[in-house]
Amino acid sequence: MKKLQVTITLGMEVPDNWELVEHQDGFTVIDTGDGNFLDMTFTPMITSDDAVDAEWTNDYDDEFADAVLDMVKEYDTEMEMVVTQ
């Protein structure tokens, strides 16, 4: 079996009242200020179309999703709030 390393960098502009907090589960999440906490993760997307502008979806059977997620052996999310003026 081969090992696939995926690095995702995501930049977002978020409302000023959103803050990074330590969740009771022990990891950093975004407090959206309305009673919700947001964790950023990846969502596997799939298509059977090899054409330009193919439609990608996360609408696949649970068995496939479970198989893909079982392949994940390491996972780390690092979030930093950068304040711009």
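Use the structure listed above.
Residues numbered from 1 in each chain as written. Predicted model: local features only at pLDDT ≥ 70, side-chain atom pairs only at ≥ 80, totals over all residues. Heavy atoms only, no water.

Per the secondary structure count, the protein chain includes 1 helix and 3 strands. Against the compact-globule benchmark of 12 Å for 85 residues, the protein chain has a radius of gyration of 17 Å, which places it well outside the compact range. In terms of overall dimensions, the protein chain has a C-alpha envelope of 40 × 30 × 25 Å along the principal axes. Residues classed as buried in the protein chain amount to 11% of the 85 residues present. Restricting to contacts in the protein chain with at least 6 residues of sequence separation, those with at least 24 account for 32%. Looking at the protein chain as shown, the accessible area adds up to about 8,100 Å², and 49% of this sits on carbon and sulfur atoms. (Helix = DSSP H or I, 4+ residues; strand = E, 2+ residues; numbered from the N terminus. Rg over C-alpha atoms; globule rule 2.2 N^0.38 Å. Buried < 20%, exposed > 50% of the residue type's maximum accessible area, 1.4 Å probe, protein only. Contact = heavy atoms within 4.5 Å. Areas by Shrake-Rupley, 256 points an atom, 1.4 Å probe, with all protein chains shown as cover.)

Among the surface-exposed residues, Asp-61, Asp-62, Glu-63, Asp-66 and Asp-70 lie close enough to one another that they form a single negatively charged patch. On the basis of relative accessible area, Asp-70 is assigned to the exposed category, the value being 55%. (Patch = residues over 30% accessible without salt bridge, like charges linked within 9 Å, V, L, I, M, F, W, Y side chains within 5 Å. Salt bridge = Lys/Arg side-chain N within 4 Å of Asp/Glu carboxyl O. Lys, Arg positive; Asp, Glu negative; His and termini not counted. Charge placed at Lys NZ, Arg CZ, Asp CG, Glu CD.)

The strands that make up a sheet are held in pairs by hydrogen bonds between backbone atoms, and each pair lies either parallel or antiparallel. Across the sheet, which stays open at both edges, the 3 strands sit in the order β1-β2-β3 with antiparallel pairing between neighbours. Single-partner strands in this sheet number two, and they are β1 (19-22) and β3 (37-38). Note that β1 and strand β2 (residues 28-31) share 4 bridges and pair antiparallel. Bridged to Val-21 within β2 is Val-29. (Pairing = 2+ DSSP bridges.)

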